[in-house]
Amino acid sequence: MSTEVATNGKVHNTSDIAVEPVVRQKDVAEKQPNSSKEGAEKKPRKKPNNKAVDCYLDIDAGAKRVKCQLNGAYKAFPSEAKDIKTDVPLRNNGCFRIGKKNYVVGKAIDRVNGEMIVASQDKKLSCVEIWILGAISHYRKFLKSCVEGRRRKTEPARLNLHLRMVTLSSFKRTELNKVLKAISAFTWEDTDFEVIVKSCEFIDEGEGGALEVAHTKNLEEFHLLDLGGGTFTHSTYLWDGDELSTEAKTPISGAGMTSVINKIFKALTRVDRGAIQAENFDIQEALELSSIGDDGAWVVPLRNNGEVQNIALEVEGALSEWTHGNYALLKQFDFISQRLARGESVFCTGGGFAVKMVADWIVRYLSKGIPNANIEVLENPQHINLSGLKWLDEIE
């Protein structure tokens, strides 16, 4: 009589030996996958059930406003946030949680109490993760579709983030890794989100506007003036029909619209009008409403104590003080005027040039005494630096 006996994986032939049935350890492991390491290794790896949704975000976190476009849809909101101790309000833009911290970003800060975070107070770069998630959480319809489209409702919604940041400064690798880690998970409307950063690219500030000029004007060389919230920047670009290159760039920090509004605020305190009480936000709104009246003069309507007052004279005086009170800006204006006198082309972009009276004053100042000066304010200057990035997508 011959019997096969399993011993350490080998089969031996024996004769006339009574043996008990041998149970292989491997057979036990196959029946109980969690009882051995070998069985656990053969268990197929579980894949995430919720499909990641593509999220293409371009963001320009300025000192005064955050401008962004997500999957082509443009939005803007004040560069202000609050770190709050209570739960974030529901159904409001810019509300989310990172870890154990709750944040409200943008206009919704007026309805909550908390520690203020203001970009212009050295928080533009150090809190960039707050501006990024604040931007994403302003797109409620998009996030809602991500939540409702989950296959498994108990697991986080997932985003594939393709990020482009418009900035004058680039991040160090350690700083960038910290930001990307901070935005890897957040909670919105009681739903957890997982963020997978697929790409991260830094775009030079003003490049969107420069690309728009390069692709729509037949110019080999041109100048771009960018008046933002905190900075005025003059750049010179070269275009060979295929590639845009920066020949020179001169940023003047502290010479943006925040400085202009502060000058207007001071000018209003010096006039004898029965104490005009206005905050910077009120002045900003008045500037945005500026227009030319029937008599050809500028009207900047500021509502104060139930009445509308025209502060155009104060605005004009503040602009003169803004220019002549900043030596770097004054010399840069002289340099730009000289370029115009030589027949070179200058284009204007940035939120400051979206204010009609401010744009008109600067253009007249720079082109004074220069007939047929080639200076032009770009269409929709407040967001052309983002929308102009469409030309990069077409190139790709």
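Preceding this paragraph is the structure being described.
What you see is a predicted model, and the numbers here were worked out from it, not measured in a lab.

Describing the overall build of the chain
- From N to C terminus, the chain includes 13 helices and 21 strands.
- When the 396 residues of the chain are sorted by exposure, 45% land in the buried category.
- Counting contacts in the chain only where the partners sit at least 6 residues apart, residues at least 24 apart contribute 64% of the total.
- With the model as given, the accessible surface of the chain reaches about 22,300 Å², and the carbon-plus-sulfur share is 47%.

Some points on the packing of aromatic side chains
- The tally for this structure, following the rule as stated, stands at 9 aromatic pairs.
- Ring geometry for F222 and F347: centres 6.1 Å apart, planes at 85°, overall edge-to-face. You can see F222 sitting in strand β13 (residues 221-227) and its partner F347 sitting in strand β20 (residues 346-349), a full 125 residues away along the chain. In this pair, the class of F222 matches that of F347, namely buried.

Quick look at a negative patch on the surface
- Together, E220, E221, D240, D242, E243 and E247 give the surface a local cluster of negative charge.
- With respect to the element layout, E243 can be found in the loop between β14 (231-239) and β15 (244-253).
- Given a relative accessible area of 52%, E243 falls into the exposed group.

Notes on the environment of L143
- Structurally, L143 can be placed in helix α4 (residues 140-148).
- Separated by 14 residues in the primary sequence, L143 and A157 have C-alpha atoms spaced 8.9 Å apart.
- Contact partners of L143, with chain neighbours within four places excluded, come to I136, S137, W188 and F193.

Topic: the sheet that holds β15
- An order of β15-β14-β13-β20-β21 is seen for the 5 strands of this open sheet, with the pairing classed as mixed. In the strand order of this sheet, the two ends are held by β15 and β21 (375-377), each with one partner. Neighbour to neighbour, the strand axes of the sheet diverge by 20° on average, direction disregarded.
- Two strands pair when backbone bridges link them, and β20 and β21 are joined in this way by 3 bridges, in the parallel orientation. In the sheet register, C348 faces β21, and the bridge partner there is V377.

Comments concerning the nonpolar core
- Formed by 41 residues in total, the largest nonpolar core has its most connected members in L57, I59, W131 and I132.
- In contact with L57, other than residues within four places in its own chain, are C68, Q69, L70, I132, A135, I136, L161, H162, L163 and R164.
- The next biggest cluster of nonpolar side chains, apart from the first, holds 40 residues, and it includes L287, I311, V315 and C348.

Here we look at the pattern of salt bridges
- Scanning the entire structure with this criterion turns up 16 salt bridges.
- Two residues, E212 and K390, come together in a salt bridge whose shortest N-O distance is 3.8 Å. On the criterion of sequence distance, the pair formed by E212 in helix α6 (residues 207-216) and K390 in helix α13 (residues 390-395) is long-range, its members being 178 residues apart.
- Here E344 ties to R342 by a salt bridge, and the two come within 3.2 Å at their closest N and O atoms.
- Where salt bridges share partners, they join D58, R164 and D393 into one cluster.

Let's talk about the packing of helix α9 (residues 312-324) against helix α10 (residues 327-341)
- At a minimum axis distance of 6 Å, the contact between α9 and α10 shows a crossing angle of 95°. It follows from the interaxial angle that α9 and α10 lie roughly perpendicular. Contact with α9, carried on its side by W322, T323 and H324, involves L329, L330 and F333 of α10 and no other residues of that element.
- Its residues assigned to classes, the contact of α9 with α10 comprises 4 nonpolar, 2 polar and no charged.

Definitions and limits used
Residues numbered from 1 in each chain as written. Predicted model: local features only at pLDDT ≥ 70, side-chain atom pairs only at ≥ 80, totals over all residues. Heavy atoms only, no water. Helix = DSSP H or I, 4+ residues; strand = E, 2+ residues; numbered from the N terminus. Buried < 20%, exposed > 50% of the residue type's maximum accessible area, 1.4 Å probe, protein only. Contact = heavy atoms within 4.5 Å. Areas by Shrake-Rupley, 256 points an atom, 1.4 Å probe, with all protein chains shown as cover. Phe/Tyr/Trp six-rings, centres within 6.5 Å; stacked < 30°, edge-to-face > 60°. Patch = residues over 30% accessible without salt bridge, like charges linked within 9 Å, V, L, I, M, F, W, Y side chains within 5 Å. Salt bridge = Lys/Arg side-chain N within 4 Å of Asp/Glu carboxyl O. Lys, Arg positive; Asp, Glu negative; His and termini not counted. Charge placed at Lys NZ, Arg CZ, Asp CG, Glu CD. Pairing = 2+ DSSP bridges. Axes fitted to C-alpha atoms, helices over the stretch in contact; angles between N-to-C directions. Core = buried A, V, L, I, M, F, W, Y, C linked by side-chain atoms within 4.5 Å. Parallel < 35°, antiparallel > 145°, perpendicular 65-115°, else oblique. Nonpolar A, V, L, I, M, F, W, Y, C, P; charged D, E, K, R; others polar.

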